[in-house]
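In case you want the letters, here they are:
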2 protein chains.
Amino acid sequence: MVTITDIAKALGVTPSTVSRALSGSPRVKEETRRTVEETARSMGYERNVMASNLRRGRSSIVGIIVPRIYREFFSNVIGGAESILNEAGYNVLICQTHERREAELQALHTLRKNQVACVLMSHAIETEDPAPIAEALGDIPLVQFDRVFRSLPGAKVVNDNYESAYAATRHLIANGYRRVGTLAGHLCCEAFSDRLRGYRKALEDSGLAYDESLVFQDCILRETGWDAALQAAEAGCDALYSAGDFSALGAMEALRWKGLSLPRDFGIVGTADETFASLMSPSLSSLGQHAFEMGRVAAKAFLFRSQATTVISMELHIRESSNRNSICQK
Amino acid sequence: MVTITDIAKALGVTPSTVSRALSGSPRVKEETRRTVEETARSMGYERNVMASNLRRGRSSIVGIIVPRIYREFFSNVIGGAESILNEAGYNVLICQTHERREAELQALHTLRKNQVACVLMSHAIETEDPAPIAEALGDIPLVQFDRVFRSLPGAKVVNDNYESAYAATRHLIANGYRRVGTLAGHLCCEAFSDRLRGYRKALEDSGLAYDESLVFQDCILRETGWDAALQAAEAGCDALYSAGDFSALGAMEALRWKGLSLPRDFGIVGTADETFASLMSPSLSSLGQHAFEMGRVAAKAFLFRSQATTVISMELHIRESSNRNSICQK
DNA sequence: GTTATTAATGCAAACGTTTGTATATTTGTT
DNA sequence: AACAAATATACAAACGTTTGCATTAATAAC
């Protein structure tokens, strides 16, 4: 392995000069820099990141913490962040929490130990108190995305959950559904509580009553979606806005099992636009997130040391599960 | 930050003793070790991985290279590997190649620079020549999974592609399909060529002719699946074994568009058992891979310095798209 | 021509750990 | 009691980079 000392010897200068030349310090002559760079290239030099990190007390790794990498949304966010960060010379260390608080703290700890340059994170559902996160991070910058804690400092990238849930609910109402319920997520999580607020506002703006018994909390899994849908149907519901696609899927299965037909008897709109949404039959209407873009924005927030909150719009994909108007036209 | 020197001073010993005590060297007295460990804990000591890595010339990071993290198969392999590696004190650095050779070499380079302890890898489809991989790795151990090059040294973990494709094809034949084609992958990739061999053997064992015109190469995408299915149907095919689920999906859509009914007029079995396979209507029969287990096995192969090749069985999930027998019984 | 100013490089001390070799201590053997 | 063997710890040199401070060389100011 060739080191800066080797280069220095070859050129009759000191390692400091080589180091400065290679890291673009303005303290070396332009000509020297060129010579050094050339020699480095010809000798096949590669900077030893370990040594560099040790000395600088900070690595060129960015940590990303997500609940689960196999959720399409998160893997796409990761992909987006990676595309920006790799470009900028950073590597990405990915940790999964599986929605568990303990695993989340463990991950933060791991990243701290690796002295990552920054942490991009979407917190676990279990997490209610953000204070330990701040503590575990120390002075490492934090960029939150999707699921964010307002009270933590640093940049944030979120979806327009309120507006999109509003739009999705209005869409159901516009299709003639009159008793619209919702499969809500965990309300301690702002992304989910915002969706609930948007849903509620849509009902109110349409002159429909907001009925607490049609709000199913902590309902984002296929199983809980199934149960909630049956209860909802029992309660006279004829449509559901779901804060997730998996619970929407469970709901559709339950309703079909009950003999109801979508979108004729019942309308559903999900959130996340998982691949299966468009492949099911009937296909599931869903709010698509610009996950890749969200990752890019989060990564840039770190690179530019932004502290801003960016809002990214979701996109309503209207499909068979809610589109009664076009079915009628057929 | 508290260092081993701090601990040493507090105890009146030298850093070397502390280092040895903490890393479990047999060269310190049992009593000393206990005292050191206790003091370390009480002082809140954490080993500086940068310094450790620099000195040892090797990091406690394992690199994983996959074509795409959002493929469920790969994200589950990653999850499995992570579960073992984290336990053993390693962290995981994930790189995507997007099936591109250049990105693959770049990733290897990155990992080499980070002096990873090992690389777990499933190569890109574009890659035909494994030599540059070996070169880029230097003396870093390699564990290949799913898509492997026999000629490279090191452990390998693969599916029983030959046997499973054989079983899937036999299943189609047992359901009365008589002209079975296949959507094959890139045959330079052993995983795919093995599936083709299994398919062929099944035909031969069943007394059916192997017809090259029913073999569609490089066909693993939704779009190519669509085209191939139409050609296949034109050629008198009544069933397809597909080496991927996305091409199987495209094929199903094309056939339905053509007015054919599954499984009545046409049978399909895919490979990978993506989530959508069970959710579609008709649901798609598919060969499920034990992805999580594959990740665990690959990680263990590294930890135990194994050089062996492990074969993991796939599982045939029989669903509506191929199950004509049970439909008839209805 | 002397002095102040700037520019370019050199010097040397870190960063925190690991490890080969040396030293001191204990134990065992005769 | 003397010596060998073992055990336990200390010493010191790395690992390759970065960076504050010192030094030298070049330019500008008077």
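Everything that follows concerns the structure shown earlier in this document.
This write-up is about the structure you can find in this document.

Criteria and thresholds
- Residues numbered from 1 in each chain as written.
- Chains lettered and ligands numbered in written order.
- Predicted model: local features only at pLDDT ≥ 70, side-chain atom pairs only at ≥ 80, totals over all residues.
- Heavy atoms only, no water.
- Near = heavy atom within 4 Å.
- Polar contact = N/O pair within 3.5 Å; in protein donor to acceptor, adjacent residues only side chain to side chain.
- Helix = DSSP H or I, 4+ residues; strand = E, 2+ residues; numbered from the N terminus.
- Axes fitted to C-alpha atoms, helices over the stretch in contact; angles between N-to-C directions.
- Parallel < 35°, antiparallel > 145°, perpendicular 65-115°, else oblique.
- Left-handed = near helix turned anticlockwise from the far one by under 90°.
- Contact = heavy atoms within 4.5 Å.
- Least-squares fit on C-alpha atoms with pLDDT ≥ 70 in both.
- Expected span 1.5 Å × (residues − 1).
- Buried < 20%, exposed > 50% of the residue type's maximum accessible area, 1.4 Å probe, protein only.
- Arc of directions from axis to C-beta.
- Core = buried A, V, L, I, M, F, W, Y, C linked by side-chain atoms within 4.5 Å.
- Buried area = accessible area lost by both parts, 1.4 Å probe.
- Salt bridge = Lys/Arg side-chain N within 4 Å of Asp/Glu carboxyl O.
- Nonpolar A, V, L, I, M, F, W, Y, C, P; charged D, E, K, R; others polar.
- Pairing = 2+ DSSP bridges.
- Phe/Tyr/Trp six-rings, centres within 6.5 Å; stacked < 30°, edge-to-face > 60°.
- Lys NZ or Arg CZ within 6 Å of the ring centre and 35° of its normal.

1. Quick word on the protein's contact with DNA strand C
So, step 1. Taken together, 26 residues lie around DNA strand C, and Arg20 and Thr32 of chain A together with Arg27, Tyr45 and Arg55 of chain B are the ones closest in.
So, step 2. The sugar-phosphate share of atoms of DNA strand C within 4 Å of the protein amounts to 58%.
So, step 3. Between DNA strand C and Thr32 of chain A, the relevant distance is 2.6 Å, taken from a phosphate oxygen to a side-chain nitrogen or oxygen of the residue.
So, step 4. Within the side chain of Arg27 of chain B, one N or O atom sits 2.6 Å away from a base oxygen of DNA strand C.
So, step 5. Residue assignment for the surface near DNA strand C shows that the elements contributing at least two residues are helix H2 (15-22) and helix H4 (49-56) of chain A together with helix H1 (4-11), helix H2 (15-22) and helix H4 (49-56) of chain B.
So, step 6. Counting residues per element, the surface near DNA strand C draws most heavily on H4 of chain B, at four residues.

2. Focus on the protein's contact with DNA strand D
So, step 1. Around DNA strand D, a shell composed of 25 residues is seen, among which Arg27, Tyr45 and Arg55 of chain A together with Arg20 and Thr32 of chain B lie nearest.
So, step 2. Backbone atoms, meaning sugar plus phosphate, form 61% of the atoms of DNA strand D positioned within 4 Å of the protein.
So, step 3. Between a phosphate oxygen of DNA strand D and a main-chain N or O atom of Gly12 of chain B, the distance comes to 3.4 Å.
So, step 4. At 2.6 Å, a side-chain N or O of Arg20 of chain B approaches a base nitrogen of DNA strand D.
So, step 5. Sorting the residues of the surface near DNA strand D by element identifies H2 and H4 of chain A together with H2 and H4 of chain B as the ones contributing at least two each.

3. Looking at the packing of helix H1 (residues 4-11) of chain A against helix H3 (residues 30-43) of chain A
All names here are of chain A.
So, step 1. Between H1 and H3, the shortest axis-to-axis distance is 10 Å and the interhelical angle comes to 120°. Between H1 and H3, the angle is such that the two are oblique. H3 is crossed by H1, and the crossing has right-handed handedness. Residues Asp6, Ile7, Ala10 and Leu11 of H1 form the contact with H3, whose participating residues are Thr35, Val36, Thr39, Ala40 and Met43.

4. Some words on the relation of the copies chain B and chain A
So, step 1. Mapping chain B onto chain A calls for a rotation angle of 180° and an axial translation of 0.1 Å; the resulting RMSD is 0.1 Å. Taken together, the turn and the small shift mark the pair as related by a two-fold rotation axis.
So, step 2. Mapped onto chain A, 100% of the interface residues of chain B are again interface residues, and the two copies thus contact each other with one and the same surface.

5. Some words on H3 of chain A
All names here are of chain A.
So, step 1. For H3, built from 14 residues, the straight-helix expectation of 20 Å at 1.5 Å per residue is met to within 8% by its first-to-last C-alpha distance of 20 Å.
So, step 2. Where H3 is concerned, the buried positions are Arg33, Val36, Thr39 and Ala40. Angularly, the buried residues of H3 cover 135° about the axis, an arc narrow enough to put them on a single face. Exposed residues pointing more than 90 degrees away from the buried face of H3 are listed as Glu38, Arg41 and Ser42.

6. Quick notes on the nonpolar core
So, step 1. Grouped together as the largest cluster of nonpolar side chains are 82 residues, with contacts concentrated most on Ile268 of chain A together with Leu240 and Ile268 of chain B.
So, step 2. Once you skip the residues sitting within four places of it in the chain, Leu240 of chain B turns out to touch Leu172, Gly181, Thr182, Leu183, Ala229, Ala232, Ala251, Phe266, Gly267, Ile268 and Val269 of chain B.
So, step 3. Counting residues in each nonpolar core, the second largest holds 58 residues, with Val66, Ala298 and Ala301 of chain A together with Phe302 of chain B among its members.

7. Remarks on the interface of chain B and chain A
So, step 1. Listed by partner, the interface residues are 38 residues for chain B and 38 residues for chain A.
So, step 2. Between chain B and chain A lies a buried interface of about 3,300 Å² when both sides are counted; carbon and sulfur atoms form 60% of it.
So, step 3. Contact with chain A buries surface across chain B, with Met50, Lys113 and Leu279 of chain B losing the most and accounting together for 20% of the total.
So, step 4. Applying the counting criterion to the chain B and chain A interface returns zero salt bridges.
So, step 5. Looking at the side of chain B that touches chain A, the elements with two or more residues in it are H4, helix H5 (72-87), strand E2 (91-96), helix H6 (101-113), helix H11 (245-257) and helix H12 (275-279) of chain B.
So, step 6. Ranked by residues supplied to the side of chain B that touches chain A, first place goes to E2 of chain B with six residues.
So, step 7. Here the residues of the side of chain B that touches chain A sort into 17 nonpolar, 14 polar and seven charged.

8. Here's the deal with the sheet that holds strand E6 (residues 180-183) of chain A
Residues and elements named next belong to chain A.
So, step 1. Read from one edge of the open sheet, six strands run E7-E6-E8-E9-E10-E12, paired in mixed fashion. Looking at strand neighbours, the two that pair on one side only are strand E7 (215-216) and strand E12 (315-317), the edges of this open sheet.
So, step 2. Its contacts with the sheet place helix H8 (residues 161-174) against E6, strand E8 (239-242), strand E9 (267-272), strand E10 (285-288) and E12, and it is angled at close to 165° to E8.
So, step 3. Across the face of the sheet, helix H11 (residues 245-257) comes into contact with E6, E8, E9 and E10 while running at roughly 155° to E9.

9. Re the sheet that holds strand E10 (residues 285-288) of chain B
Residues and elements named next belong to chain B.
So, step 1. Reading across from one edge, E7-E6-E8-E9-E10-E12 is the order of the six strands in this open sheet, with mixed pairing throughout. With one partner strand each, in any of the chains shown, strand E7 (215-216) and strand E12 (315-317) form the two edges of the open sheet.
So, step 2. The pairing of E10 with E12 spans three bridges and is classified as antiparallel. Bridging from a neighbouring strand, Ser286 pairs with His317 of E12.
So, step 3. In this fold helix H8 (residues 161-174) packs onto strand E6 (180-183), strand E8 (239-242), strand E9 (267-272), E10 and E12, with an angle of close to 165° to the strand it touches most, E8.
So, step 4. Here helix H9 (residues 190-205) sits on the sheet in contact with E6, E7, E8 and E9, set at roughly 180° to E6.

10. Quick notes on the packing of aromatic side chains
So, step 1. Counted according to the given criterion, the structure contains ten aromatic pairs over all chains.
So, step 2. Between Tyr90 of chain A and Phe302 of chain A the ring centres are 5.2 Å apart and the planes differ by 75°, which places this aromatic pair in the edge-to-face class. One end of the pair, Tyr90 of chain A, is in the loop between helix H5 (72-87) and strand E2 (91-96); the other, Phe302 of chain A, is in helix H13 (residues 291-303), with 212 residues separating them in the sequence.
So, step 3. A ring pair is formed by Trp226 of chain A and Trp257 of chain A, whose centres lie 5.5 Å apart and whose planes are at 45°; its orientation type is tilted. Pair noted here: Trp226 of chain A is in helix H10 (residues 222-234) and Trp257 of chain A is in helix H11, with a separation of 31 residues, a long-range link.
So, step 4. On the basis of relative accessible area, Trp226 of chain A is assigned to the partly exposed category, the value being 27%.
So, step 5. Cation over ring: Arg200 of chain B sits above Tyr210 of chain B, and NZ or CZ is 3.9 Å from the ring centre.
So, step 6. The ring of Tyr177 of chain B carries the charged tip of Arg324 of chain B above its face, separated from the ring centre by 4.0 Å.

That's the geometry; what it means functionally is another story.
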